[in-house]
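These are the residues of each chain, in order.
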Amino acid sequence: RIARTHAWEALDSRGRPTVACTLTLANGVEGRAVVPSGASTGRHEALEQRDGGERYGGWGVSGAVRAVNEEYARVVEGRSVADRVGIDAAVEEHDGTDNLGRLGSNAALAISLAATVAHAASERTPLWSTLTGPRPASIPMPMVNILSGGAHAGRAVDVQDFLAVPVGAASFTEGIEQVARVRAECARLLDQRGGWSALVADEGGLAAKLDSNEAVLALLADGIDAAGFGADEMAIALDIAATQLVEGGAIVLAGQGERLGVAEWLDLVAGWTERYPIVSIEDVVGEDDWEGSRAATARLPHVQMLGDDHFATNLDRVRRGIDERSANAVLVKVNQAGSVSRAERVVFEAIGAGFETVVSARSGDTEDSWLADLAVGWGARQIKVGSTMRSERTAKWNRLLELESVGDLPFAGREALAGQRS
Ligand code: PGA
Ligand code: ZN
């Protein structure tokens, strides 16, 4: 049972405040968790509460912290952490809004995560083993950021994330080593081509200051080649984060001075998939462009079409996406949903309908590693947490390396990606 609730204001990897929470149980066991925060946030996400005003340039979360300590404490104290679904429901009901915006989704999620962690600690069992998913637990396939643009790199180029996926790796441990090699080769090539590899973006990737999106794509392909991998061993994933590029119905590529209609834009992207070993594309058009999403998914059946801002880890949007086939995979961000239970429902719904799931960190994240355990326990089979450096990223990779080294969990492998089965 929860005996004491204590939230405080911590810092995330961007140096902005975030909500941290420790729940102390009657048996003395503690559960502690820190909440992440995005930069390229979608309109349909659960809503964080920020203080505004002077402190931390308005990004303070003292109001959300107060909501946990003064309001949610009364809601959850006395409850059993074994009933996380009940705790999440009580918190949701107390907030009273769909997007948890009255007291803040950051306040609500802090309780949900800390309760999940406290439950595992109380049971003296690893966090992942307290979660259930539609599929058996497994070590997920990593999707690793190598080069960054968009909102994570001062808009060096338009596409937000250029990632490597070690599709030929026999294990997670091997895959991470391979991807680290690709990053090192890309850093070397970026220096040669007039970029500057000392610039690191929000998720630990290289800030890709080159002339065009395709120049970055070509650099990544060359880096993969220089690292000694073929297309069947190391593939490419893109997070376009196109919501950030939409202006009056067009896709604006500011980096290369172009303004494209959605059809023309999809032609361009389809061309990339022919020239480069691209296996996954996230948010290819604006978040509310259901028609464009459907068209892209139909056109690229062998590519995993992943909805991030498009679905916002929102069950209603995911259901509509399943009906309309506006994607074939769901990016799952726990703080878009606002609670572990809500995110879990999305995982069940997606996998039940034959969609794949990629559990994801945020660009503003923390040293906390609960995300890795969630991905394993849910059997989500893919995970995306940024690059192979910066501690808020490696905290998750290191947890997965630890879990794989113990030896009893299978690695998901390339089958984890939608569109990869023949
Ligand atoms: P965000 O970016 O955390 O800034 O939203 C991550 C992503 O778009 O996948
Ligand atoms: Zn995204």
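Source: prediction; values computed, not measured.

Draft legend 1. Quick peek at the overall build of the chain. Across its full length, the chain holds 12 helices and 15 strands. The C-alpha atoms of the chain give a radius of gyration of 21 Å, which matches the 22 Å a tight globule of 422 residues would have. Expressed along its principal axes, the backbone C-alpha trace of the chain runs to roughly 60 × 50 × 45 Å. Counting only residues that meet the buried cut, the chain has 61% of its 422 residues in that class. Of the contacts formed within the chain by residues at least 6 apart in sequence, a portion of 71% connects residues at least 24 apart.

Draft legend 2. Focus on the pairing of strand β12 (residues 304-307). Here β12 shows two buried faces, one formed by Gln304 and Leu306 and the other by Met305 and Gly307. Between the parallel elements strand β11 (residues 278-282) and β12, the chain passes through helix α7 (residues 290-299) in a crossover that is right-handed. Here β12 pairs with strand β13 (residues 329-332) via 2 bridges, running parallel. Counterpart to Gly307 in the pairing with β13 is Val330. This β-α-β element, β12 to helix α8 (residues 315-324) to β13, shows right-handed connectivity.

Draft legend 3. The nonpolar core, seen in detail. Within the largest apolar cluster, 133 residues are counted, with the highest numbers of intra-cluster contacts made by Leu147, Trp265, Trp272 and Trp378. The biggest single contributor to this core is helix α3 (residues 105-123), with 10 residues. Leave out the neighbours within four places in its chain, and Trp378 touches Leu131, Thr132, Gly133, Pro134, Arg135, Val332, Val334, Val340, Ala343, Glu344, Val347 and Val359.

Draft legend 4. Up close: the packing of α8 against helix α10 (residues 340-352). Running from N to C, α8 and α10 cross one another at 10°; their axes reach a closest spacing of 10 Å. By the angle between their directions, the pair α8 and α10 is classed as roughly parallel. Residues Leu315, Val318, Arg319 and Ile322 of α8 form the contact with α10, whose own contacting residues are Arg345, Val346, Glu349 and Ala350. Broken down by class, the residue content of the contact of α8 with α10 amounts to 5 nonpolar, no polar and 3 charged.

Draft legend 5. How the structure looks around the sheet that holds strand β3 (residues 30-34). Strand order in the open sheet formed by 3 strands is β1-β2-β3, with antiparallel pairing between adjacent strands. Of all strands in the sheet, those bounded by a partner on one side alone are β1 (2-11) and β3. In this sheet, adjacent strand axes meet at a mean angle of 15° when their direction is disregarded. The sheet contact formed by strand β2 (residues 17-25) and β3 spans 5 bridges and is antiparallel. Considered in β3, the bridge of Ala20 is made with Val34. Of the strands in this sheet, β1 and β2 are in contact with helix α1 (residues 62-76), which crosses β1 at around 170°.

Draft legend 6. The UniProt feature "binding site: Mg(2+)" (unreviewed entry) in the chain, seen in detail. As recorded in UniProt, the sites labelled "binding site: Mg(2+)" (unreviewed entry) are Asp239, Glu282 and Asp308. Look at the named residues: they lie 70 residues apart in sequence, but the longest C-alpha span between them is just 8.9 Å, so in the fold they bunch up. On the secondary structure map, Asp239 appears in strand β7 (residues 235-239). When residues no more than four places from it in sequence are discounted, the contact partners of Asp239 are Val159, Gln160, Asp161, Leu163, Glu282, Asp283, Asp308 and Lys384. Here Asp308 is to be found in the loop between β12 and α8. Excluding residues within four positions of it along the chain, Asp308 makes contact with Asp239, Glu282, Asp283, Leu331, Lys333 and Gln336.

Scoring rules and cut-offs
- Throughout, residues of each chain are indexed from 1 in the direction in which the sequence is written.
- Lettering of chains starts at A and numbering of ligands starts at 1, both following the order in which they are written.
- Predicted model: local features are reported for residues with pLDDT of at least 70 only, side-chain atom pairs are reported and counted for 80 or more only, and whole-chain, interface and lining totals are derived from all residues.
- With hydrogens and water excluded, all non-hydrogen atoms of the structure serve as input to the side-chain values.
- Numbering goes from the N terminus for both helices and strands, where a helix is a DSSP run of H or I of at least four residues and a strand is a run of E of at least two.
- For a compact globule the rule gives 2.2 Å times the number of residues to the power 0.38, and the radius of gyration it is set against comes from C-alpha atoms.
- Note on exposure labels: buried denotes an accessible area under 20% of the residue type's maximum, exposed denotes more than 50%, and partly exposed covers the range between, all computed with a 1.4 Å probe on protein chains only.
- The contact criterion used is simple: two residues touch if any of their non-hydrogen atoms lie within 4.5 Å.
- Orient the strands so they point away from the viewer; a crossover is then right-handed if the path from the first strand over the helix to the second runs clockwise.
- A strand pair is defined by DSSP finding two or more bridges across the two strands.
- For this analysis, a nonpolar core means a set of buried residues of the types Ala, Val, Leu, Ile, Met, Phe, Trp, Tyr and Cys, connected via side-chain atoms within 4.5 Å.
- Whenever a helix is involved, its axis is fitted only over the stretch in contact; in every case the axis is a line through C-alpha atoms, and angles between N-to-C directions fall within 0 to 180 degrees.
- By definition in this entry, angles of less than 35 degrees are roughly parallel, angles greater than 145 are roughly antiparallel, angles of 65 to 115 are roughly perpendicular, and the rest are oblique.
- Each residue gets one of three labels, nonpolar for Ala, Val, Leu, Ile, Met, Phe, Trp, Tyr, Cys and Pro, charged for Asp, Glu, Lys and Arg, and polar for the others, Gly among them.
- UniProt positions are given in the numbering used here, feature names are shortened, and annotations may be inferred rather than shown by experiment.

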